[in-house]
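A look at the structure
One-letter residues, chain by chain:
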Amino acid sequence: MKNTILSAILMVCVMVSGNAQSKKTEAKFSTQQIVADYLALKNALAKDDSNGAAKAGKALYSAFKTTNVKSINPKSKAEYLDIADDAKEHAEHIGANGGNIEHQREHFALLSKDINDLIKTFGAAKTLYQDSCPMYDGGKGAIWISETKEIKNPYYGSKMLTCGSMKKQL
């Protein structure tokens, strides 16, 4: 009887210890990888590198699919999933259209709004800037997020690399 009780106590201790350990190792929610892949995509488009943009689009899609959302509170989780669903679609289009940079840029404009919303809601691990190109899309304009204050326009690349302005620091 004594051995049974000791075995049960030992089993409970092991289970409690295992639960505590799994909670410690559970990854916290972070936008870091998403932002890094987005910036790689933005930089590829600024260099007129359609294949590099496709590769970065695929990486971004993967980052959205594998981001741990377990630690987000329910209201914020719903907001994240809404942003992520839209952003994944644009990243997927960019990834599937190497060689068609104009199509990639169209989706990048929409993706940039999603990334802006993501950063506004969840923050970023580093200082970022919201830049704007007033000429894109027939004068409707478009934003993008950058890691530098220097303008490198992903919508026009080498045609008008420095066209645009920084709107705000994020």
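Residues numbered from 1 in each chain as written. Predicted model: local features only at pLDDT ≥ 70, side-chain atom pairs only at ≥ 80, totals over all residues. Heavy atoms only, no water.

Our focus in this paragraph is the confidence of the model for the protein. Residues of the protein with pLDDT of at least 70 account for 84%, and the chain-wide mean is 87. Predicted confidence for residues 12–26 stays below pLDDT 50, and this span has 3 contacts to residues more than four positions away or in other chains. (pLDDT = per-residue confidence, 0-100. Contact = heavy atoms within 4.5 Å.)

A separate point is the pairing of strand E1 (residues 129–133). Counting buried positions along E1 yields 5 of 5 residues, so the element is predominantly enclosed. Side chains Tyr-129, Asp-131 and Cys-133 of E1 all project onto a buried face; the interleaved residues Gln-130 and Ser-132 project onto the opposite face, where all are buried too. Here 4 bridges tie E1 to strand E3 (residues 165–169), and the two strands are oriented antiparallel to one another. Note that in E3 the partner of Asp-131 across the bridge is Met-166. (Buried < 20%, exposed > 50% of the residue type's maximum accessible area, 1.4 Å probe, protein only. Helix = DSSP H or I, 4+ residues; strand = E, 2+ residues; numbered from the N terminus. Pairing = 2+ DSSP bridges.)

Following both chains from N to C, one finds helix H2 (residues 32–46) and helix H3 (residues 50–66) inclined at 165°, their axes separated by 8 Å at the closest point. One way to sum up the angle between H2 and H3 is to call them roughly antiparallel. When you trace H2 past H3, the crossing you get is left-handed. Only Gly-52, Ala-53, Ala-56, Gly-57, Ala-59, Leu-60, Ala-63 and Phe-64 of H3 make contact with H2, whose side of the interface consists of Gln-33, Ile-34, Asp-37, Tyr-38, Ala-40, Leu-41, Ala-44 and Leu-45. Of the residues belonging to the contact of H2 with H3, the class tally is 12 nonpolar, 3 polar and 1 charged. (Axes fitted to C-alpha atoms, helices over the stretch in contact; angles between N-to-C directions. Parallel < 35°, antiparallel > 145°, perpendicular 65-115°, else oblique. Left-handed = near helix turned anticlockwise from the far one by under 90°. Nonpolar A, V, L, I, M, F, W, Y, C, P; charged D, E, K, R; others polar.)

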